[in-house]
Amino acid sequence: MTRVEVKNVWVKYRGARDYALKGVDLEVGEGVVAVIGPTGAGKTTLCKAMAGIIPNMGAYDDFKGDVLVDGVSTKGMKVGEISKKIAMVFQDYESQLFRTTVELEVAFGPENLMLQREEIEERCKKSLKAAGLEGLEKRYSFALSGGQKQRLAIASLLSLQPTLLVLDEATSDLDPAGKREIYEVAKGLMEREVIKSLVLVDHHLEKVAAFADTVVVMKDGRIIKTGDVEEVMSEVDLLKNLGLHPPDTVEVFGHITPSEKPYPLSLDEALSRMPKVARANPPPSPKLNSGEPAIMLEDIWFSYQKDDWIIKGLGLVVRKGEIMGLIGQNGSGKTTLAQLIAGILKPARGKVVVFGRDMTRYGVMIRGKEIGYIFQNPDYQIFSNTVREEVSYGLKAAGLPPHEIDARVKQVSETLGISNLLEEDPFFLNKADRQRIAVASILVLNPKVIILDEPTTGLSPGETTALMNTVVELNKQGTTIITITHDMWVVARYCDRVVLMADGKIILDGPTRQVFSDHEFLERYDIEVPTVVKLSRQLAGHTYLTVDEFLQNVEFQTG
Ligand SMILES: Nc1ncnc2c1ncn2[C@@H]1O[C@H](COP(=O)(O)OP(=O)(O)OP(=O)(O)O)[C@@H](O)[C@H]1O
Ligand SMILES: [Mg+2]
């Protein structure tokens with residue numbers, strides 16, 4: 001049955017130049033609906049309209065049309081009434097957390113529903129388990145890692161057991177296994193009819209392919225295509241033109257058997273439909289960078305709370321000119337390690353050497369010239385009233401002359417595509433823009449080492465590619481790069497070397513091709529390598545890191 005009916009909805013935000021939604025019609029029934037499209041297409045606005053947030057909260061110049069949930073219009077409904085039925089996890093999940101501890105956060109919803117004590121406890125326990133947060137009940141929310149906070153936002157809505165659950169890029173900061181698990185949990189709740197409908201927004205089309213029944217493609221405030229998941233995913237050109245990243249199996253089959261649509265969406269199906277391999281060239285053997293060390297860490301120990309060691313005797317050498325990917329489960333210590341390198345945190349024991357100088361005792365002010373750190377949440381970094389002020393702040397602090405500041409700001413803004421935003425207030429921009437502003441404010445300083453802490457969350461694959469291409473350019477000019485990410489395709493495509501962290505230690509360290517060749521080992525640490533890597537291991541016995549590499553090196557038998 002139809003749960004949500006979106007009827008010719010038009011939305012114009014207060015002061016906006018154009019409509020964010022331009023006559024959207026959609027019906028959501030029992031299956032999982034995924035909404036995909038480039039940044040700014042209107043996905044979040046559509047979600048908010050379905051969740052009753054629009055037009056009941058916020059300011060609009062215009063709202064037309066209607067949204068019916070179980071046949072009742074959401075217009076004029078009180079937030080309390082709506083939240084009994086619909087829950088939405090925001091892209092900007094930290095804004096959703098407002099209580100002090102993990103258990104209070106999760107209990108908040110059920111408490112407001114006036115449920116019995118035992119029922120509340122039961123729901124909280126289940127939701128925390130589902131979101132992988134068992135054992136952290138008493139923790140202050142601010143003392144969680146980025147991904148743990150996102151898990152908490154999800155848990156707090158699962159505990160409401162809504163009729164409709166809307167997940168707007170809700171797994172962006174989760175480790176690869178976590179992304180899958182959350183969707184499995186949501187689907188399991190649907191199967192048990194705890195929730196009736198599920199709407200997902202996700203740039204990760206392999207996840208969409210694995211979980212959605214129907215896919216809605218948006219662009220410029222309109223729905224431009226709706227169809228079964230197999231059908232939409234086979235529109236490789238459409239997806240690519242929108243800056244989206246089709247599943248690896250789809251891209252491979254789009255090349256080798258273009259006329260045989262729909263293309264396979266899973267590894268197993270791809271393997272069974274794959275023509276016989278005639279020849280597979282071995283990829284170049286991985287080379288280790290033996291250059292001069294940029295950063296050396298020796299026996300680093302760190303704790304936020306006394307005796308609760310988060311980093312445990314860690315040693316690491318990052319060499320000049322490397323692009324290193326730092327990966328690991330949520331809470332494994334990646335952000336902590338990055339902040340120890342940048343001098344934001346100080347180790348209890350151990351040594352931090354930067355370009356040959358012992359920097360252990362110097363903080364971020366001294367280290368800032370050498371190392372630029374871009375926060376996981378750009379909002380921790382952004383504090384100015386205009387984008388221009390924000391991006392030029394560090395240059396002003398360094399005492400550069402105004403003409404040079406202007407020139408650098410101009411150049412970096414152009415590279416990152418934010419020139420048109422320079423006079424805007426960052427506070428009113430979307431997360432992808434704020435992410436790029438945070439990156440810009442570090443890039444202008446031209447540090448020798450740049451640490452990007454999950455720079456691609458909130459960005460579409462097209463924007464991610466643009467950002468990483470900029471990073472690669474900087475690297476070619478000599479900048480050493482450390483990037484923390486849960487997007488393994490980003491690691492596969494751009495990083496020479498991968499370091500895997502688990503529980504405050506380094507578990508594996510080597511050239512990307514070598515590390516990714518042991519995907520079974522990585523899975524123990526919740527890392528899932530790109531599907532094309534698994535496909536190439538099984539099919540050709542080699543590790544090709546990207547679809548392009550696969551297609552260039554594998555020849556198939558004809559006839
Ligand atoms: N301010 C804090 N106080 C206490 N514990 C903290 C604090 N910040 C982080 N932690 C804990 O330290 C551990 C490492 O956190 P960290 O943020 O470094 O993880 P991460 O690998 O970056 O995770 P994610 O992938 O989720 O961003 C986690 O168990 C986390 O809960
Ligand atoms: Mg982190």
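Owing to the predicted nature of the structure, the values given are computational and were not obtained by experimental measurement.

Engineer: Report on the overall build of the protein chain, specifying residues and quantitative values.
Structural biologist: Along the backbone of the protein chain there are 23 helices and 22 strands. Its C-alpha atoms give the protein chain a radius of gyration of 24 Å, near enough to 24 Å, the size a compact globule of 559 residues would have. Taking the principal axes of its C-alpha atoms as reference, the protein chain extends roughly 70 × 65 × 55 Å. Burial statistics for the protein chain: of 559 residues in total, 48% are counted as buried. Contacts spanning at least 24 positions in sequence make up 69% of the contacts within the protein chain whose residues lie at least 6 apart.

Engineer: Explain the pairing of strand β21 (residues 505–511) residue by residue, including any values.
Structural biologist: By the bridge criterion, six bridges tie strand β20 (residues 497–502) to β21 in an arrangement that is antiparallel. Looking across to β21, one finds that valine 498 is bridged to glycine 510. Remark: two residues form the turn of the hairpin made by β20 and β21, two consecutive strands paired antiparallel; aspartate 503 in that turn has positive phi of roughly 45°.

Engineer: Go over the sheet that holds strand β6 (residues 86–89) with me, naming the residues and quoting the values.
Structural biologist: Taken in spatial order, the six strands of this open sheet run β6-β7-β8-β3-β9-β10, and their pairing is mixed. The outermost strands of the open sheet, each flanked by one partner alone, are β6 and β10 (222–228). When strand polarity is set aside, the average angle formed by the axes of neighbouring strands in this sheet is 15°. With four bridges connecting them, strand β3 (residues 32–36) and strand β8 (residues 197–201) associate as parallel partners. Pairing of valine 35 across the sheet is with valine 201, part of β8.

Engineer: Account for the packing of helix α4 (residues 102–112) against helix α6 (residues 146–158), naming residues and giving values.
Structural biologist: Where α4 meets α6, the closest approach of the two axes is 7 Å, and the angle between their N-to-C directions is 30°. For the pair α4 and α6, the sense of crossing is right-handed. Only Leu152, Ala155 and Ser156 of α6 make contact with α4, whose side of the interface consists of Val102, Glu105, Val106, Phe108 and Gly109. Classifying every residue of the contact of α4 with α6 by side-chain character gives five nonpolar, two polar and one charged.

Engineer: Tell me about unusual backbone geometry, residues and numbers included.
Structural biologist: For the bond from isoleucine 54 to proline 55, the omega torsion is 5°, close enough to zero to count as cis. Its place among the elements puts proline 55 in helix α2 (residues 53–56). In this structure, aspartate 70 takes a positive phi of about 50° despite not being glycine. Position of aspartate 70 among the secondary structure elements: in the loop between β4 (60–69) and β5 (72–73). Although it is not a glycine, aspartate 299 adopts a positive phi angle of roughly 45°. Judged by local crowding, aspartate 299 falls into the exposed class, with 12 C-beta atoms found within 10 Å.

Engineer: Tell me about the site of ligand 1, and please be specific about residues and values.
Structural biologist: The local shell around ligand 1 holds 18 residues, among which Ala143, Ser145, Gly147, Thr335 and Thr336 are the closest. Elements that contribute at least two residues to the shell around ligand 1 include exactly α6 and α13 (334–342). When the residues that make up the shell around ligand 1 are grouped by side-chain class, the tally is four nonpolar, 13 polar and one charged.

Engineer: Lay out the pairing of strand β9 (residues 214–219) in plain terms, naming residues and giving numbers.
Structural biologist: Buried residues dominate β9, accounting for five of its six residues. Pairing geometry for β3 and β9, over four bridges, is parallel. Residue pairing for β9: valine 35 is matched across the bridge by valine 216. With six bridges joining them, β9 and β10 adopt antiparallel strand pairing. Along β10, the bridge assignment pairs threonine 214 with aspartate 228. The hairpin formed by β9 and β10 contains two residues between the paired strands, and aspartate 220 there has a positive phi angle of roughly 45°.

Engineer: Now, about the environment of glutamate 269: what can you tell me, with residues and values included?
Structural biologist: Structurally, glutamate 269 can be placed in helix α12 (residues 267–273). A sequence separation of 189 residues divides glutamate 269 from glycine 80, and the C-alpha atoms of the two residues are 45 Å apart.

Engineer: Let's hear about the environment of asparagine 469: which residues, and what values?
Structural biologist: If you trace the backbone, asparagine 469 turns up in helix α18 (residues 461–476). Note: C-alpha distance between asparagine 469 and tyrosine 494 (25 residues apart in sequence) is 8.6 Å.

Engineer: Describe the UniProt feature "domain: ABC transporter" (unreviewed entry) in the protein chain, naming the residues involved and giving the relevant values.
Structural biologist: If you check UniProt for "domain: ABC transporter" (unreviewed entry), the listed places come out as residues 4–245 and 295–528 in our numbering. The span residues 4–245 shows a helical share of 38% and a strand share of 26%, and its end C-alpha atoms are spaced 28 Å apart. As a span, residues 295–528 carries 36% helix and 26% strand, and end to end its C-alpha atoms are 28 Å apart.

Engineer: Requested: an account of helix α17 (residues 431–443), with residues and values cited.
Structural biologist: With 13 residues, α17 ought to run about 18 Å at 1.5 Å a step, and its terminal C-alpha atoms sit 18 Å apart, in line with that. With 13 of 13 residues buried, α17 lies mostly within the body of the structure.

Engineer: Could you give me a rundown of the nonpolar core, with the residues and numbers involved?
Structural biologist: One finds Ala34, Val166 and Ile451 to be the most contacted residues of the largest nonpolar core, which totals 160 residues. Broken down by element, the residue count for this core peaks at seven residues, all from α17. Excluding residues that lie within four positions of it along the chain, alanine 34 makes contacts with Leu200, Asp202, Val208, Ala212, Val215 and Val216.

Engineer: Tell me about the sheet that holds β5, and please be specific about residues and values.
Structural biologist: Reading across from one edge, β2-β1-β4-β5 is the order of the four strands in this open sheet, with antiparallel pairing throughout. Either end of the sheet is taken by a strand with one partner, and the two such strands are β2 (21–28) and β5. Sheet topology note: the strand β1 (residues 4–13)/β4 ladder contains eight bridges and is antiparallel. Looking at β4, one finds that lysine 12 is bridged to aspartate 62. Taken strand by strand, helix α1 (residues 43–50) contacts β1, β2 and β4, and its axis lies near 125° from that of β1.

Engineer: Go over the environment of leucine 113, please, and point to the residues and values.
Structural biologist: Residue position: leucine 113 is located in the loop between α4 and α5 (117–130). What makes leucine 113 partly exposed here is the crowd of 16 C-beta atoms within 10 Å. Taking the C-alpha atoms as reference points, leucine 113 and valine 185, 72 residues apart in sequence, are found 22 Å from one another.

Engineer: Let's hear about the packing of α4 against α5: which residues, and what values?
Structural biologist: Interhelical geometry of α4 versus α5 gives an angle of 130° and a closest axis separation of 9 Å. Regarding the angle of α4 to α5, the classification is oblique. Considering how the two elements wind past one another, α4 and α5 form a crossing that is right-handed. Listed contacts from α5 to Glu103, Val106, Ala107, Pro110 and Glu111 of α4 are Glu119, Ile120, Arg123, Cys124, Ser127 and Leu128.

About the thresholds
Residues numbered from 1 in each chain as written. Chains lettered and ligands numbered in written order. Predicted model: local features only at pLDDT ≥ 70, side-chain atom pairs only at ≥ 80, totals over all residues. Helix = DSSP H or I, 4+ residues; strand = E, 2+ residues; numbered from the N terminus. Rg over C-alpha atoms; globule rule 2.2 N^0.38 Å. Buried ≥ 20, exposed ≤ 12 C-beta atoms within 10 Å, placed from the backbone. Contact = placed C-beta atoms within 7 Å. Pairing = 2+ DSSP bridges. Axes fitted to C-alpha atoms, helices over the stretch in contact; angles between N-to-C directions. Left-handed = near helix turned anticlockwise from the far one by under 90°. Nonpolar A, V, L, I, M, F, W, Y, C, P; charged D, E, K, R; others polar. Near = placed C-beta within 6 Å. UniProt positions renumbered as here; feature names shortened; annotations may be inferred. Expected span 1.5 Å × (residues − 1). Core = buried A, V, L, I, M, F, W, Y, C linked by C-beta atoms within 7 Å. Parallel < 35°, antiparallel > 145°, perpendicular 65-115°, else oblique.

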